[in-house]
Amino acid sequence: MKVLILHTDLRVYWKRRIHFLRDYLAAHGVELFAVEIFGKGSPYDFDPFSRTEKWWDCLFPKKGFGELSQIKIKKAVFKKLKKVDPDVVIAGSIVFSSGALGLRWAKRNKKKFIMFDDAKPSRVQRSRLVQSVKNLITEQVDALWLPSDEYDEEWGALYDKTKIHFFYGFDCIDNDLFKPQNGKRLDNKKIICVSRLVEKKNIPVLLDSWKLIEQNNDVYKLSIVGDGPMLDKLIAHAKSLDLKRVEFAGAVSNGQLPKYLHDADAFILQSLDESWGLVVNEAMAAGLPVLLTSKINAAATLLKDGVNGYFINVDNPTDMKLQLLVFINLPLAAKKEMSDNSLKIISRMDFKYMGDQLLETLKLLDSEPPRELKFLPHLVINLWYGQFNTRGWDKPEKSALL
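Residues numbered from 1 in each chain as written. Predicted model: local features only at pLDDT ≥ 70, side-chain atom pairs only at ≥ 80, totals over all residues. Heavy atoms only, no water.

Observations concerning the nonpolar core
Step number 1: In terms of nonpolar packing, the biggest core is built from 96 residues, with Ile114, Trp145 and Phe267 touching the most fellow members.
Step number 2: Listed in part, the 30 residues of the second largest apolar core include Cys193, Ile203, Ile224 and Met230. (Core = buried A, V, L, I, M, F, W, Y, C linked by side-chain atoms within 4.5 Å. Buried < 20%, exposed > 50% of the residue type's maximum accessible area, 1.4 Å probe, protein only.)

As for the environment of Leu365
Step number 1: Mapped onto the secondary structure, Leu365 falls in helix α13 (residues 351-366).
Step number 2: Taking the relative accessible area as the measure of exposure, Leu365 reaches 1% and is therefore buried.
Step number 3: Along the sequence, Leu365 and Asp87 sit 278 residues apart, while their C-alpha atoms lie 9.9 Å from each other.
Step number 4: What Leu365 contacts, discounting residues up to four positions off in sequence, is Lys112, Ile114, Asp142, Ala143 and His165. (Helix = DSSP H or I, 4+ residues; strand = E, 2+ residues; numbered from the N terminus. Contact = heavy atoms within 4.5 Å.)

Quick look at the sheet that holds strand β13 (residues 290-293)
Step number 1: Here six strands make up an open sheet; going across it, the order is β11-β10-β9-β12-β13-β14 and the pairing parallel. In the strand order of this sheet, the two ends are held by β11 (246-250) and β14 (309-312), each with one partner. For this sheet, the mean inter-axis angle between neighbouring strands, taken without regard to orientation, is 20 degrees.
Step number 2: The sheet contact formed by strand β9 (residues 190-194) and strand β12 (residues 266-269) spans two bridges and is parallel. Paired with Ile192 across the bridge in β12 is Phe267. (Pairing = 2+ DSSP bridges. Axes fitted to C-alpha atoms, helices over the stretch in contact; angles between N-to-C directions.)

Thoughts on unusual backbone geometry
Step number 1: Look at Asn202: it is not a glycine, yet its phi comes out positive at around 65 degrees.
Step number 2: Mapped onto the elements, Asn202 comes out in the loop between β9 and α6 (203-216).
Step number 3: Phi at Asp242 is positive, roughly 60 degrees, even though this residue is not glycine.
Step number 4: Turning to its location among the elements, Asp242 is positioned in the loop between α7 (231-240) and β11.
Step number 5: The exposure class of Asp242 is partly exposed, given its relative accessible area of 42%.

Observations regarding the sheet that holds strand β8 (residues 165-168)
Step number 1: The sheet built from seven strands is open, its strands ordered β3-β2-β1-β4-β5-β7-β8 with parallel pairing. In this open sheet, the two strands that pair with only one neighbour each are β3 (56-60) and β8. The sheet shows a mean angle of 20 degrees between the axes of neighbouring strands, taken without regard to direction.
Step number 2: One ladder, built from six bridges, connects strand β1 (residues 2-7) with strand β2 (residues 31-38); its direction is parallel. By the bridge assignment, His7 is partnered in β2 with Glu36.
Step number 3: Along the sheet, α13 makes contact with β1, β4 (88-91), β5 (112-116), β7 (143-146) and β8, crossing β8 at roughly 160 degrees.

Thoughts on the packing of helix α2 (residues 70-84) against helix α3 (residues 97-108)
Step number 1: Across the interface, α2 lies against α3 with an axial gap of 10 Å and an inter-helix angle of 50 degrees. The orientation of α2 with respect to α3, classified from their angle, is oblique. Where α2 crosses over α3, the handedness of that crossing is right-handed. Along its contact with α2, which presents Ile73, Lys74, Val77, Phe78, Leu81 and Lys82, the element α3 presents Leu101, Arg104, Trp105 and Arg108.
Step number 2: Across the contact of α2 with α3, the residue classes tally to six nonpolar, no polar and four charged. (Parallel < 35°, antiparallel > 145°, perpendicular 65-115°, else oblique. Left-handed = near helix turned anticlockwise from the far one by under 90°. Nonpolar A, V, L, I, M, F, W, Y, C, P; charged D, E, K, R; others polar.)

Topic: the pattern of salt bridges
Step number 1: One pass over the structure, following the stated rule, counts 14 salt bridges.
Step number 2: Lys244 is the partner of Asp242 in a salt bridge, and the nearest nitrogen-oxygen pair spans 2.8 Å.
Step number 3: On the basis of relative accessibility, which here comes to 63%, the residue Lys244 falls in the exposed class.
Step number 4: When the shortest N-O distance is used, the salt bridge between Asp340 and Lys336 registers 2.8 Å. Residue Asp340 and its partner Lys336 are both found in helix α12 (residues 332-347); the two are separated by four residues, about one turn of the helix.
Step number 5: Taking the relative accessible area as the measure of exposure, Lys336 reaches 34% and is therefore partly exposed. (Salt bridge = Lys/Arg side-chain N within 4 Å of Asp/Glu carboxyl O.)

So, α2
Step number 1: Its 15 residues give α2 an end-to-end C-alpha distance of 21 Å, which sits within 8% of 21 Å, the value for a rise of 1.5 Å per residue.
Step number 2: Within α2, the full set of buried residues consists of Ile73, Lys74, Ala76, Val77, Phe78, Lys80, Leu81 and Val84.
Step number 3: Asp85, located one to two residues past α2, shows a positive phi value of around 55 degrees. (Expected span 1.5 Å × (residues − 1).)

Here's the deal with the environment of Gly226
Step number 1: Relative to the helices and strands, Gly226 resides in the loop between β10 (221-225) and α7.
Step number 2: Residue classification places Gly226 among the buried residues on the basis of a relative accessible area of 12%.
Step number 3: Put simply, Gly226 and Met1 are 225 residues apart on the chain and 41 Å apart in space, counted from C-alpha to C-alpha.
Step number 4: The residues contacting Gly226, other than those within four sequence positions of it, are Ser195, Leu197, Gly250 and Ala251.

Comments concerning the layout of surface pockets
Step number 1: Of the pockets and cavities examined, the second largest pocket occupies roughly 320 Å³.
Step number 2: In terms of lining residues, the second largest pocket is bounded by 15 residues, among which Val12, Tyr13, Arg16, Leu177 and Asn254 are the most central.
Step number 3: Examining the composition of the lining of the second largest pocket, we find that three residues originate from one element, helix α1 (residues 13-26), more than from any other. (1 Å grid on protein atoms, 1.4 Å probe; cavity = no way out; pocket = protein on both sides within 12 Å on 5 of 7 lines; lining within 4 Å. Points joined across faces, edges and corners; volume = space filled by probe spheres on them.)

This is the structure we're talking about:
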């Protein structure tokens, strides 16, 4: 069997996933290929395409979505798919070019199609008509790859699980890269936030909350790791609050990030919106208790309130302050127990779980005949080319064309 993963770009977290899956699937007689469509225009532009593997390609390494016609994108994608001729195409949401064109090619050639998505439908603003069109297209996929079964409530309400196979686990990281080598030390007197410094991360509210922490605790420090367009404003805001124990560490390389996490006692992410939030996986793999808002999708799966951290009510301006104080005032033994629980919880969401879930689904799909495509969805699928609109990815509210 041949499987091809197609997406707008496959960088940062996807790199290790794909290399793992390539070896894991090969051991079970499955050959994996990876295709990125664009080299530019992604929030992950800082990690340019540089692969030399023959099985991994980028169709337009010097171009972004807006620089190419839909016809040119379609021709390049179809040409590559025809050359590889996979039995199964895996791609992102049909909202994007990868999903729209991958599904069209798969249906045209009687191949199986798997769509992965970590967004929750309720978080994306769509009109009833637009959502209906999206549903019509998505109903034609053979399997839906979600981060966890916690997504079933929303996705299962839209799509029939007797026709579409649901499976899980793609939003994982290489846990071993972050695991403390000699056990987690929890007496660093530091809270860490790792975040792109953009509006939806809600960092001004964190700084406001930290003012109360400094008034009630004269030891704990706050470390903010990351860069972004709001950096200067945030530094100015911290100064205006006369904060004494806030550090802006700036951008940190992937290789250095584990050390920053290991030097902290807890991780906080106060985002107003996160489709998942893989930095939560990293923090927990480093043995950190986590303080998260319910707007972070990873929180619903990975955070057990009072067990490995605390939920923050983002609609209550004082709740962040209170939860920070609650954690800081815990006995060291209780913090250590939370740390151990984070490690246990995240250990169940690792690369092997991802590989097992995908392999089981591939075997299932291989045993089934191709699904017939009716006239209306056939027409819509052949009219829809997908988009690649990352404008507003850093804003707390999202709206979508499809």
